[in-house]
Amino acid sequence: MNKLQLLFLATGFSFIFIIPVNSQTTKTPDTKLEVGFSKGDATPKIGIKPVYIAGFGHNRKAEGISDPIYIRAMVLKAEGKKYAFVSADLIGLFKDQVDEIRKELKDFENVMFSCTHSHEGPDTLGLWGQTPFQSGTDPDYLLSLQKIAVSTIRDAAKNLTPCDTEIAAVSLPELLHDGRPPIVKMDELLTLKFNKVNTKTALGIVLFWHCHPETLGSGNKKLSSDFVGYTVKEIMKQTQAEAIVFTGAVGGLMTSLKVSIKNEKGENLNDGSYEKTERYGQLLANASLNSLKKAKGINLTPVVVRKKEVLLPVDNPIYRLAKQLGVFKREIFDWDLELNKSAGLNQREEKHPAAKTEVSIVTLGELGIGCIPGEIYPELLLGKVAKTPEKEADYQDAATEIDWFQKWKMPYKTVIGLANDEIGYILPKKQWDEKPPFAYGSKTAPYGEINSLGPDTAFFIANAFNELLSK
Ligand SMILES: [Zn+2]
């Protein structure tokens, strides 16, 4: 019996949860749905211990606070069951920590904890300490985060109010820069609006957007939620409603950097400036609110959650070293040799390290949300992986991963990235390019591979989603 099986025995955990499935959605109003919002301030204290800012390089110590780091929660209640959806202004959180938060919330049918992936908040993963060999996390802060998350979710549940729901979608390629070839962007901003029953008065507005919050760049020394905080602020100002931004498919490299943003006088605003960050946030808020002028009513019940735990091989030598050095604090498992049997996979030894993650599908009536535990390349969702690999790519015979998202037939669908875990980049094996020469005439290895568990990650993630969808 391996460690994984032992854990399942110990916790009585089963691989797949299926919460009442009613595939027949109706067009009647959501009279039975309730929604509640809350936010908790999770800004670390500056000046006591060093606070390392996550994203970009090492040893970026925070010297102040630009705007608060929030944990924002939305709770839905349907058919007597509560479901939490969290977005934290953080770089990411490992599954081990999300599980600790869930332990305190057993009365919830599901807790989905995601991070916006802000590159201007505190290090919560360990990768951005003083040196590559030292963790940048503060254990006390990580513990406090768990408490704040739990109380914020509980507060949101106290605010539960019956609601009607609307949805709008708009394409915003101009607000997204893809920093690598091939250029493939997921540029649809999806907005959900929760209204007081039988009114158009907003209780809360929820955005699904696919961009790294990193406008303040690598030189910034003040803690910030980046553009996300400004987006929320603008929406709250214009609607007096709560707002939450969920970050989606940000792999490849979906960024606000290099996006051309002008001020009201038509002058270009620079990357790394507060002016650009604020303006970007406002533009996103305005685009969302404008799209809502043509919003359609949507039924968000029944709520169905399907989850699957997935074992992923840890091939990345940097990640393995980081774990050995204690930079990464997450449980590591032994590889399951049975998993070598799928066609086209790299073969791994019995003691090969593996990480355990979770994929889930949340269906809210007519809206499907794929909860992805990392940063997925948009081409894997949009059916845009090139049929033939570039001739310099490392795996010329690689198969294309299952196109689960395209196969998923829903009136509306989107994804939340960094959901319940952060495993790094999830990219097509056909594009994997670690060994020189490099595709697209590049002199250096592409960025994504350095921050990915390995070339077969996408295969296992896609298969798990496909399995959930065929249940
Ligand atoms: Zn990233």
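Predicted model only: the values in this text are computed from it and were never measured.

Caption draft 1: Fine view of the coordination of the zinc ion. At 2.0 to 2.2 Å from the zinc ion lie its protein donor atoms, namely His117 (NE2), His212 (NE2) and Glu375 (OE). Of note, the donors binding the zinc ion are all from one chain and are spaced H-x94-H-x162-E. Of the two residues, histidine 117 sits in the loop between β6 (110–115) and α3 (139–158) while histidine 212 sits in the loop between β10 (202–209) and β11 (222–223), which places them 95 residues apart along the sequence. As far as the burial class goes, histidine 117 and histidine 212 line up, both buried.

Caption draft 2: Representation of a nonpolar patch on the surface. A grouping of Phe133, Leu321 and Leu325 is seen on the molecular surface, where their side chains present a nonpolar patch of about 290 Å² in accessible area. Its place among the elements puts phenylalanine 133 in the loop between β6 and α3. On the accessibility criterion, phenylalanine 133 (53% relative accessible area) is exposed.

Caption draft 3: Spatial organisation of the domain arrangement of the protein chain. Splitting the protein chain by domain gives domain 1 (33–297) and domain 2 (301–367 + 385–469). Of note, the centres of domain 1 and domain 2, computed from C-alpha atoms alone, are 23 Å apart. Contacts between the two partners involve 48 residues from domain 1, matched on the other side by 36 residues from domain 2. If you look at where domain 1 meets domain 2, you find two salt bridges. The closest approach of N and O atoms between glutamate 309 and lysine 95, which form a salt bridge, is 2.9 Å.

Caption draft 4: Main features of the pairing of strand β2 (residues 34–41). Note: β2 against strand β4 (residues 70–78), eight bridges, orientation antiparallel. Each bridged residue has a counterpart across the sheet, and for serine 38 the counterpart in β4 is alanine 73. Of the strand pairs in this sheet, β2 and strand β7 (residues 161–171) are connected by two bridges, and their pairing is antiparallel. By the bridge assignment, valine 35 is partnered in β7 with threonine 161.

Caption draft 5: Broad picture of helix α5 (residues 274–291). Under the 1.5 Å per step criterion, the end-to-end length of α5 is 26 Å for 18 residues, consistent within 8% with the ideal 26 Å. Listed in full, the buried residues belonging to α5 are Lys276, Thr277, Arg279, Tyr280, Gly281, Gln282, Leu284, Ala285, Ala287, Ser288, Leu289 and Ser291. Along its buried surface, α5 packs onto β7, β9 (188–196), β10 and α4 (227–239).

Caption draft 6: Looking closely at the packing of helix α2 (residues 95–103) against α3. Interhelical geometry of α2 versus α3 gives an angle of 45 degrees and a closest axis separation of 9 Å. The orientation of α2 with respect to α3, classified from their angle, is oblique. Every pair of crossing elements has a handedness; the one defined by α2 and α3 is right-handed. Seen from α2, the contacting residues are Gln97, Glu100 and Ile101; seen from α3, they are Leu142, Gln146, Ala149 and Val150. Residue composition of the contact of α2 with α3, grouped by class: four nonpolar, two polar and one charged.

Caption draft 7: Here's a closer look at the confidence of the model for the protein chain. Mean pLDDT over the protein chain stands at 93; residues scoring 70 or higher make up 93%. Contacts of residues 1–30 to residues separated by more than four positions or lying in other chains number 52 contacts, the stretch itself having pLDDT below 50.

Caption draft 8: Local environment of the state of the cysteines. Taken as a whole and assessed by the stated rule, the structure comprises zero disulfides. Cysteine 115 supplies the cysteine sulfur nearest to cysteine 371, a cysteine that is in no disulfide, at a spacing of 13 Å.

Caption draft 9: View of the nonpolar core. Formed by 49 residues in total, the largest nonpolar core has its most connected members in Ile372, Leu381, Trp404, Val415 and Ile426. Top element by residues in this core is helix α10 (residues 457–469). It accounts for eight residues. Built from parts of two domains, this core gets at least three residues from each of domain 1 (33–297) and domain 2 (301–367 + 385–469). If we ignore the near neighbours within four places in the chain, the residues touching isoleucine 372 are Leu381, Trp404, Val415, Ile416, Gly417, Leu418, Ala419, Ile426 and Phe465. By size, the runner-up hydrophobic cluster in this structure holds 30 residues, among which are Leu33, Ile244, Phe246 and Ile416.

Caption draft 10: Main features of the pairing of strand β17 (residues 353–364). Here β17 lies mainly inside the structure; twelve of its twelve residues are buried. Here β17 shows two buried faces, one formed by Pro353, Ala355, Thr357, Val359, Ile361 and Thr363 and the other by Ala354, Lys356, Glu358, Ser360, Val362 and Leu364. Here two bridges tie strand β16 (residues 333–334) to β17, and the two strands are oriented antiparallel to one another. Looking at β17, one finds that phenylalanine 333 is bridged to alanine 354.

Caption draft 11: Quick peek at the side chain of lysine 413. Here lysine 413 lies in strand β20 (residues 412–416). No salt bridge is formed by the buried lysine 413, whose closest oppositely charged neighbour, aspartate 403, lies at an N-O distance of 8.4 Å. At 2.6 Å, the side chain of lysine 413 and the backbone oxygen of phenylalanine 405 are in polar contact. Looking at lysine 413, its side chain comes within polar contact range of the main-chain oxygen of tryptophan 408, at 2.9 Å. Leave out the neighbours within four places in its chain, and lysine 413 touches Glu188, Leu190, Leu367, Gly368, Phe405, Gln406 and Trp408.

Cut-off values and rules
Residues numbered from 1 in each chain as written. Predicted model: local features only at pLDDT ≥ 70, side-chain atom pairs only at ≥ 80, totals over all residues. Heavy atoms only, no water. Donors = N, O, S within 2.8 Å, 3.2 Å for Na, K, Ca; no water. Helix = DSSP H or I, 4+ residues; strand = E, 2+ residues; numbered from the N terminus. Buried < 20%, exposed > 50% of the residue type's maximum accessible area, 1.4 Å probe, protein only. Patch = residues over 30% accessible without salt bridge, like charges linked within 9 Å, V, L, I, M, F, W, Y side chains within 5 Å. Areas by Shrake-Rupley, 256 points an atom, 1.4 Å probe, with all protein chains shown as cover. Salt bridge = Lys/Arg side-chain N within 4 Å of Asp/Glu carboxyl O. Domains from an automatic or database assignment. Contact = heavy atoms within 4.5 Å. Pairing = 2+ DSSP bridges. Expected span 1.5 Å × (residues − 1). Axes fitted to C-alpha atoms, helices over the stretch in contact; angles between N-to-C directions. Parallel < 35°, antiparallel > 145°, perpendicular 65-115°, else oblique. Left-handed = near helix turned anticlockwise from the far one by under 90°. Nonpolar A, V, L, I, M, F, W, Y, C, P; charged D, E, K, R; others polar. pLDDT = per-residue confidence, 0-100. Disulfide = S-S within 2.5 Å. Core = buried A, V, L, I, M, F, W, Y, C linked by side-chain atoms within 4.5 Å. Lys, Arg positive; Asp, Glu negative; His and termini not counted. Polar contact = N/O pair within 3.5 Å; in protein donor to acceptor, adjacent residues only side chain to side chain.

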